[in-house]
Amino acid sequence: MTNLKPAIKPRVIKTRHFTLRPYRESDASSIAAHINDKTIARNLLSVPHPYRLADAYDWLRKVRNAARRKNPTWVNFAIEIDGEAVGGIGIFKIEGHKAEIGYWLARPYWGRGIMTLVVREIAGFAFVELGLRRIYAHVFTFNRASMRVLEKAGFKLEGKLAKNVKKGDRFLDEYIFARVR
Ligand SMILES: CC(C)(COP(=O)(O)OP(=O)(O)OC[C@H]1O[C@@H](n2cnc3c(N)ncnc32)[C@H](O)[C@@H]1OP(=O)(O)O)[C@@H](O)C(=O)NCCC(=O)NCCS
């Protein structure tokens, strides 16, 4: 019997509030404009600030290269609202039954419950379409909004990872949250 692997690639997921879809080269300027925000950069491990158009093109190239790999370990979606890419979400480090989730949203859209819905959609996609059994997230210990999103999306706090990452010249503590199926 053929051992069919699930297709590790994004598809279009439309909801009443947003569309999740593969990135396009034409998203670069909108991504650069929206992610160029100190608070967003502060809460993510490797987003530069200031963020330039060239950084967005670099990101889109990485997404493209990752998708072309024989065994992709990333699946990325742009979050589109009103016809514009205003955020992103990805499943990263896919290793067998588990993977990490990461996301950001442009500031004008915060506090409306959007990211909670997005995380629920993508967790569903990862469990059902990628066949994963564990999705985890690492959150800086000062990122209360993201912890709340994860809780609302059914993730459980598993513990604290002391000095788990180095960002610039600082070692940062993270919480690890996970949802399993
Ligand atoms: C984290 C982020 C994705 C949240 O998106 P969002 O669409 O505003 O999230 P939601 O509206 O679904 O939920 C946010 C929750 O956090 C709460 N919240 C916001 N700021 C908070 C704070 N400083 N302290 C405690 N709770 C906070 C909100 O009240 C809401 O909870 P509630 O529904 O119980 O009231 C967005 O702020 C963001 O992009 N931040 C920068 C990047 C980032 O942190 N990415 C995640 C890295 S792990």
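Above this text is the structure in question.
First, a word on what this report is: a plain description of the structure on this page. (Residues numbered from 1 in each chain as written. Predicted model: local features only at pLDDT ≥ 70, side-chain atom pairs only at ≥ 80, totals over all residues.)

### Concerning the nonpolar core
Argument step 1. If you look at the biggest cluster of nonpolar residues, it comprises 38 residues, and the most contacted ones within it are Ile 79, Val 118, Val 119 and Ile 122.
Argument step 2. For this core, the secondary structure elements donating two or more residues are α1 (28-35), α3 (53-68), β3 (75-81), β4 (84-95), β5 (98-105), α4 (114-128), β6 (134-140) and α5 (144-152).
Argument step 3. No other element matches α4, which puts seven residues into this core.
Argument step 4. Apart from residues no more than four positions distant in its own chain, Val 118 is found in contact with Phe 18, Leu 20, Ile 79, Ile 89 and Tyr 103. (Core = buried A, V, L, I, M, F, W, Y, C linked by C-beta atoms within 7 Å. Buried ≥ 20, exposed ≤ 12 C-beta atoms within 10 Å, placed from the backbone. Helix = DSSP H or I, 4+ residues; strand = E, 2+ residues; numbered from the N terminus. Contact = placed C-beta atoms within 7 Å.)

### Side note on unusual backbone geometry
Argument step 1. For the bond running from His 49 to Pro 50, omega is -5°, close enough to zero to count as cis.
Argument step 2. Positionally, Pro 50 belongs in the loop between α2 (38-43) and α3.
Argument step 3. Although it is not a glycine, Asp 82 adopts a positive phi angle of roughly 50°.
Argument step 4. By the secondary structure assignment, Asp 82 is in the loop between β3 and β4.
Argument step 5. In this model, Lys 163 sits at a positive phi of 45°, which is unusual for a non-glycine residue.

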